[in-house]
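These are the residues of each chain, in order.
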Amino acid sequence: MPINSFINYISLEKKYSEHTVLAYKKDLNDFQEFSAREFNDDNIVNVNYSQIRSWIVSLVSNKISNRSVNRKVSSLNSFYKFLQKTKTISENPLSKHQALKVAKKVQVPFSYNEVVEVINNLNTKSDFISIRNKMIVELLYSTGMRRSELIQLKTSDIDIINSTIKVLGKRNKERYIPLLDSVRESLVSYLSERTKQNSNSEFLFFTQKKKKLYPTLVYRIINDYFSTVSSKVKKSPHMLRHSFATHLLNEGADLNSVKELLGHSSLASTQVYTHSSVDKLKEVYNNAHPRS
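Residues numbered from 1 in each chain as written. Predicted model: local features only at pLDDT ≥ 70, side-chain atom pairs only at ≥ 80, totals over all residues. Heavy atoms only, no water.

Draft legend 1. Fine view of the overall build of the protein chain. Secondary structure assignment for the protein chain yields 13 helices and three strands. Taken along its principal axes, the extent of the C-alpha atoms in the protein chain is 65 × 65 × 35 Å. Taken over 292 residues, the protein chain has a buried fraction of 40%. Counting every atom, the protein chain has about 17,100 Å² of accessible surface; 49% of that belongs to carbon and sulfur. Distance between charge centres in the protein chain, computed from 44 positive and 27 negative side chains, equals 3 Å. (Helix = DSSP H or I, 4+ residues; strand = E, 2+ residues; numbered from the N terminus. Buried < 20%, exposed > 50% of the residue type's maximum accessible area, 1.4 Å probe, protein only. Areas by Shrake-Rupley, 256 points an atom, 1.4 Å probe, with all protein chains shown as cover. Lys, Arg positive; Asp, Glu negative; His and termini not counted. Charge placed at Lys NZ, Arg CZ, Asp CG, Glu CD.)

Draft legend 2. Representation of the pattern of salt bridges. Summed over the entire model, instances satisfying the criterion amount to 14 salt bridges. A salt bridge links Glu-202 to Lys-154; the nearest nitrogen and oxygen atoms lie 3.6 Å apart. In this pair, Glu-202 sits in the loop between helix 8 (181-195) and helix 9 (215-227) while Lys-154 sits in the loop between helix 7 (147-152) and strand 1 (158-159), placing the two residues 48 residues apart along the sequence. Across the pair Glu-193 and Lys-196 runs a salt bridge, and its minimum N-O distance is 3.2 Å. Taking the relative accessible area as the measure of exposure, Glu-193 reaches 24% and is therefore partly exposed. (Salt bridge = Lys/Arg side-chain N within 4 Å of Asp/Glu carboxyl O.)

Draft legend 3. Quick look at the packing of helix 2 (residues 18-39) against helix 3 (residues 49-61). Where helix 2 contacts helix 3, the two axes come as close as 10 Å, and the packing angle between them is 105°. In terms of orientation, helix 2 and helix 3 fall into the roughly perpendicular class. Here Asp-27, Asp-30, Phe-31, Phe-34 and Phe-39 of helix 2 lie close against helix 3, whose contacting residues are Gln-51, Ile-52, Ser-54, Trp-55 and Ser-58. Partitioning the contact of helix 2 with helix 3 into residue classes produces five nonpolar, three polar and two charged. (Axes fitted to C-alpha atoms, helices over the stretch in contact; angles between N-to-C directions. Parallel < 35°, antiparallel > 145°, perpendicular 65-115°, else oblique. Contact = heavy atoms within 4.5 Å. Nonpolar A, V, L, I, M, F, W, Y, C, P; charged D, E, K, R; others polar.)

Draft legend 4. Spotlight on the nonpolar core. Ranked by size, the top nonpolar core spans 38 residues in total, and within it Leu-139, Leu-150, Ile-165, Phe-205, Phe-226 and Leu-240 carry the most contacts. Residue assignment for this core shows that the elements contributing at least two residues are helix 5 (112-123), helix 6 (128-143), helix 7, strand 2 (164-168), helix 8, helix 9 and helix 10 (237-250). For this core, the element with the highest residue contribution is helix 6, accounting for eight residues. Excluding residues that lie within four positions of it along the chain, Phe-226 makes contacts with Phe-110, Glu-114, Val-115, Val-118, Val-137, Lys-235 and Leu-240. (Core = buried A, V, L, I, M, F, W, Y, C linked by side-chain atoms within 4.5 Å.)

Set out below in structure tokens:
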């Protein structure tokens, strides 16, 4: 069965968690059941877009949110891309599909105190994994780099003398990010401890088994530590990137500089981080304006 082949394929890829794999399977099975019920055919390999469109209309009619519908269609899209890759089909029926519009959620960044508390808690531990995790938190927050960029960091990307770090971003675009003195000192300490682990890995960070980090592990590290200090709903590596940008803007950094540090290709991408800064401006305005 193509669905089973697809599920087995993504199960072998480290970037997919067990929860994600199960979600893919459920979405595909749901569409298969719909196809069998509405079109008397449970073979979803050679379907056309109109059949998928009927499923989308059915989901919306049943009050499924646009965000959830998009996720389900994304599962189908990944399935058909896999079938193309394995030459089971020649054309993806979703190649021209446009996602449903969803309202953007305002994400609340971590506060500076929450970040400091996590780092201070990790400072009390001397085992290598805790030292590694502290370094991960510090780098994500002090540079604003993406989780994928952190995972790809190599020891050769660190320039201790010039206090910079080279980051390989999207579309293999390189950028250099300056290191704060405190982060530079932490890196020197971390590299010293890292040497004691006798690892041949070229990557800056590795697992207990001396393997390259993987996305779900980085997510788990951030989520676990910040769950002890924050009640915010979303506690992910991206929220540290969000906090980095928001805190810089709140302290007066100009948007273009933050754009360069984040590795964005346009200001439009950076502007999503300005909502908190607007709140800060309102506070300053109301406190400073003579007619407030």
